[in-house]
Amino acid sequence: MSLFDISDRAAKYQADLLDFMESHIYPAEEVYERQMRESGDPHFQPPILEELKAEARRRGLWNLFHPHPEWGPGLTNLEYAPLAEIMGRSVIASEACNCNAPDTGNMEVLTLFGTDEHKEKYLKPLLEGTMASAFAMTEPAVASSDATNVELSMVRDGGDYLLNGRKWFASNAMHKNCKVLIVMGKTDPTAAPHRQQSMMVVPIDAPGVTVVRSLPVFGYQDREGHAEIEFEDVRVPAKDVLKGEGEGFAISQARLGPGRIHHCMRSIGMAERALELMCKRARSRSTFGKPISENANIQDWIAEARIEIEMIRLLTLKAAHLMDTVGNKEARTEIAAIKVAAPNIALKIVDRAIQVHGAGGVTEDFPLAMAWAHLRTLRLADGPDEVHKRAIARQELGKYRAAEAAATNGQKVTA
Ligand SMILES: Cc1cc2nc3c(=O)[nH]c(=O)nc-3n(C[C@H](O)[C@H](O)[C@H](O)COP(=O)(O)OP(=O)(O)OC[C@H]3O[C@@H](n4cnc5c(N)ncnc54)[C@H](O)[C@@H]3O)c2cc1C
């Protein structure tokens, strides 16, 4: 299938999802905000969300992300991309369709590397949307964008491992339904740098696990929460090591590929919504005798937004297409490129939409301020911009290294 073809089933899902957004999601946004406000609890699970989940399920708009037909519709990345984009237009849509991070990534890891027991105990309720999960890799004490720095110790003790250390920014760990953590730590600090790490499945209520605090993001307490977690002599049976000792780094690479591109797809949805709001607002208010939309600089912003959205959408689709056809590893440069481009461009568009809204733009009366805060974090989460750029630059420079090495060996080089 080429980038520009849409399969019949993908077209049907798109139409169904657009209808669900119009008929249920957008009207529910206000109810959601009210229920959250009235609860007084930033991590409250509002009833409207459970109603939306039931409706999404009834309509077959459930687990759309899952690539394995046994567990979801089995869509390709290229087929899923426009759906994730549509869900990205509203902060509540992804969870309503059970397609929200980090549960999606954790479900993929448990599908690929979990035991039958993990699948029964955790994967099934996650797929049912009755349980939530968190992924704990980043640590406050070390620069975690280099995952080899991770220090949480996992020391063998008979048939178990003892975990000691501290994690932070474990998203979703404050969710009312969060029952399980996938934790990355070090089982063998003497092994080769990428074989020192392992991943383990740890119940959040295991003795020795303490959720210390929920970290705010630009002052917002996100409903799912980003938790700082202390691990003190946490006993984990060896059967709960995923894939095997020393496989943690490899699993994190497998997990982060699809997760990264899903974030990009949703960012495009946010950018589209921001552009729509920017146009409507600019047309609806006037200054100095003419609508704000008649000013050349505002038209410039609108035009640039349209151009840039089309550009990041095409790059996202190309990355998705490569993931489907040559695999995540071969698509890594395009995944890295879009992981830098999509949040940055979406952030710029949201920022300009805020500007066009005047003071209203920074309030909660519009979804822009929260979208900005979220998009800004995506320049860090799942790897900071600079680390992805480093990977792209290394790939690019590698071409010349190979040519230079060949030249040094006296071979004919055609650069
Ligand atoms: C909202 C949010 C949610 C998150 N959710 C999760 C989660 O669920 N689970 C989880 O484990 N983590 C999560 N994270 C953490 C995120 O993955 C890390 O913040 C990220 O990997 C960077 O690690 P660090 O914060 O330790 O920054 P550091 O590694 O200390 O890096 C700091 C800065 O140094 C610069 N830098 C680093 N390397 C280079 C380089 N090679 N060249 C140039 N500059 C460089 C970059 O600008 C980088 O931002 C989340 C973060 C946020 C903000």
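The protein chain carries the name Acyl-CoA dehydrogenase in an unreviewed UniProt entry, which gives Nocardia puris as its organism. In the Cofactor (unreviewed entry) part of its UniProt record, the protein chain is described as follows: "FAD". Database annotation for the protein chain, UniProt heading Subunit (unreviewed entry): "Homodimer."

**Q** Whenever I open this one, the overall build of the protein chain confuses me. Can you help?
**A** A count of helices and strands for the protein chain gives 11 helices and nine strands. Computed over its C-alpha atoms, the radius of gyration of the protein chain comes to 22 Å, within 12% of the 22 Å expected for a compact globule of 415 residues. With the C-alpha coordinates aligned to their principal axes, the bounding extent of the protein chain is approximately 75 × 70 × 45 Å. Burial analysis of the protein chain (415 residues in total) assigns 52% to the buried set. Long-range pairs, those at least 24 residues apart, make up 72% of the contacts in the protein chain with a sequence separation of at least 6. With the model as given, the accessible surface of the protein chain reaches about 19200 Å², and the carbon-plus-sulfur share is 54%.

**Q** Which parts of the structure should I look at to understand the environment of R156?
**A** Secondary-structure assignment places R156 in strand β2 (residues 153-157). As for R156 and V211, which are separated by 55 residues in sequence, their C-alpha atoms are 24 Å apart. Sequence-distant contacts of R156, defined by excluding residues within four places in its chain, comprise Y161 and A238. Separated by 3.0 Å, the side chain of R156 and the backbone oxygen of G158 make a polar contact. Among the polar contacts made by the side chain of R156, one reaches the side chain of Y161 at a distance of 3.2 Å.

**Q** What is the right way to look at the site of the ligand in this model?
**A** Residues in contact with the ligand amount to 19 residues; listed here are only the nearest, F135, T138, S145, F169 and S171. Within the backbone of M137, an N or O atom sits 2.8 Å from an oxygen atom of the ligand. F169 places a polar main-chain atom, nitrogen or oxygen, 3.1 Å from a nitrogen atom of the ligand. Of all the secondary structure elements, the ones that give two or more residues to the shell around the ligand are β1 (132-136), β3 (160-171) and α11 (385-408).

**Q** I tried to follow the pairing of strand β7 (residues 226-237) on my own but got confused; where do I start?
**A** Strand direction decides the pairing type here: β3 and β7, joined by nine bridges, are antiparallel. Its bridge partner being in β7, S171 is matched across the sheet by H226. Relative to β7, strand β6 (residues 209-214) runs antiparallel, the two sharing five bridges. When the sheet's bridge partners are listed, V211 is paired in β7 with I229.

**Q** Explain the domain arrangement of the protein chain here, please?
**A** When the parts come together, some accessible area is lost, and that loss is often what is quoted as the size of the interface. Under the domain assignment used here, the protein chain contains domain 1 (8-114), domain 2 (132-242) and domain 3 (249-402). A straight line from the C-alpha centre of domain 1 to that of domain 3 covers 20 Å. Opposite the 24 residues of domain 1 that make contact, domain 3 presents 21 residues. Counting the surface lost from both domain 1 and domain 3, the interface buries some 2000 Å², and carbon and sulfur atoms represent 57% of this. The largest contributions to the domain 1 side of the interface with domain 3 come from N77, E85 and R89, which together make up 32% of the buried area. The salt bridge partner of R89 is E276, with a shortest N-O separation of 2.5 Å. Run the count over domain 1 and domain 3 and you get six residue pairs in polar contact (both at pLDDT 80 or more). When contributions to the side of domain 1 that touches domain 3 are tallied by element, the ones reaching two or more residues are α1 (8-39), α3 (77-88) and α5 (103-113). In terms of residue count, α3 provides more of the side of domain 1 that touches domain 3 than any other element does, seven residues in total. Its residues placed into classes, the side of domain 1 that touches domain 3 shows 12 nonpolar, eight polar and four charged.

**Q** Could you clarify how one ought to interpret the packing of α5 against helix α6 (residues 116-128) in this entry?
**A** Two measures define how a pair of helices packs: the angle their axes make with one another and the distance between the axes. Where α5 meets α6, the axes come as close as 10 Å, and the angle between the chain directions of the two elements is 145 degrees. Both α5 and α6 take part in a crossing whose hand is left-handed. Along its contact with α5, which presents D103, M107, L110 and T111, the element α6 presents H118, K119, Y122, L123, L126 and L127. Split by residue class, the contact of α5 with α6 holds six nonpolar, two polar and two charged.

**Q** It is not clear to me how the nonpolar core should be interpreted in this structure. Could you clarify?
**A** Soluble globular proteins: nonpolar side chains tend toward being buried together. L52, Y80, M87 and L242 are the most contacted members of the largest nonpolar core, which has 91 residues in total. Excluding its chain neighbours within four sequence positions, the residues that come into contact with L242 are V109, L110, F113, G114, H118, I182, M199, V201, E247 and I251.

**Q** Got a minute to help me understand the pattern of salt bridges in this structure?
**A** A side chain of one charge can pair with a side chain of the opposite charge when the charged atoms of the two come close. Tallied over the entire structure, the rule returns 33 salt bridges. Ionic pairing is found between D41 and K176, a salt bridge with its closest N-O pair at 2.9 Å. Of this pair, D41 sits in the loop between α1 and α2 (47-58) while K176 sits in the loop between β3 and β4 (178-186), and the two are 135 residues apart along the sequence. Residue classification places D41 among the partly exposed positions, given a relative accessible area of 23%. For K176, a relative accessible area of 43% gives the class partly exposed.

Here is what the cut-offs are and how they apply
- Residues numbered from 1 in each chain as written.
- Predicted model: local features only at pLDDT ≥ 70, side-chain atom pairs only at ≥ 80, totals over all residues.
- Heavy atoms only, no water.
- UniProt positions renumbered as here; feature names shortened; annotations may be inferred.
- Helix = DSSP H or I, 4+ residues; strand = E, 2+ residues; numbered from the N terminus.
- Rg over C-alpha atoms; globule rule 2.2 N^0.38 Å.
- Buried < 20%, exposed > 50% of the residue type's maximum accessible area, 1.4 Å probe, protein only.
- Contact = heavy atoms within 4.5 Å.
- Areas by Shrake-Rupley, 256 points an atom, 1.4 Å probe, with all protein chains shown as cover.
- Polar contact = N/O pair within 3.5 Å; in protein donor to acceptor, adjacent residues only side chain to side chain.
- Near = heavy atom within 4 Å.
- Pairing = 2+ DSSP bridges.
- Domains from an automatic or database assignment.
- Buried area = accessible area lost by both parts, 1.4 Å probe.
- Salt bridge = Lys/Arg side-chain N within 4 Å of Asp/Glu carboxyl O.
- Nonpolar A, V, L, I, M, F, W, Y, C, P; charged D, E, K, R; others polar.
- Axes fitted to C-alpha atoms, helices over the stretch in contact; angles between N-to-C directions.
- Left-handed = near helix turned anticlockwise from the far one by under 90°.
- Core = buried A, V, L, I, M, F, W, Y, C linked by side-chain atoms within 4.5 Å.

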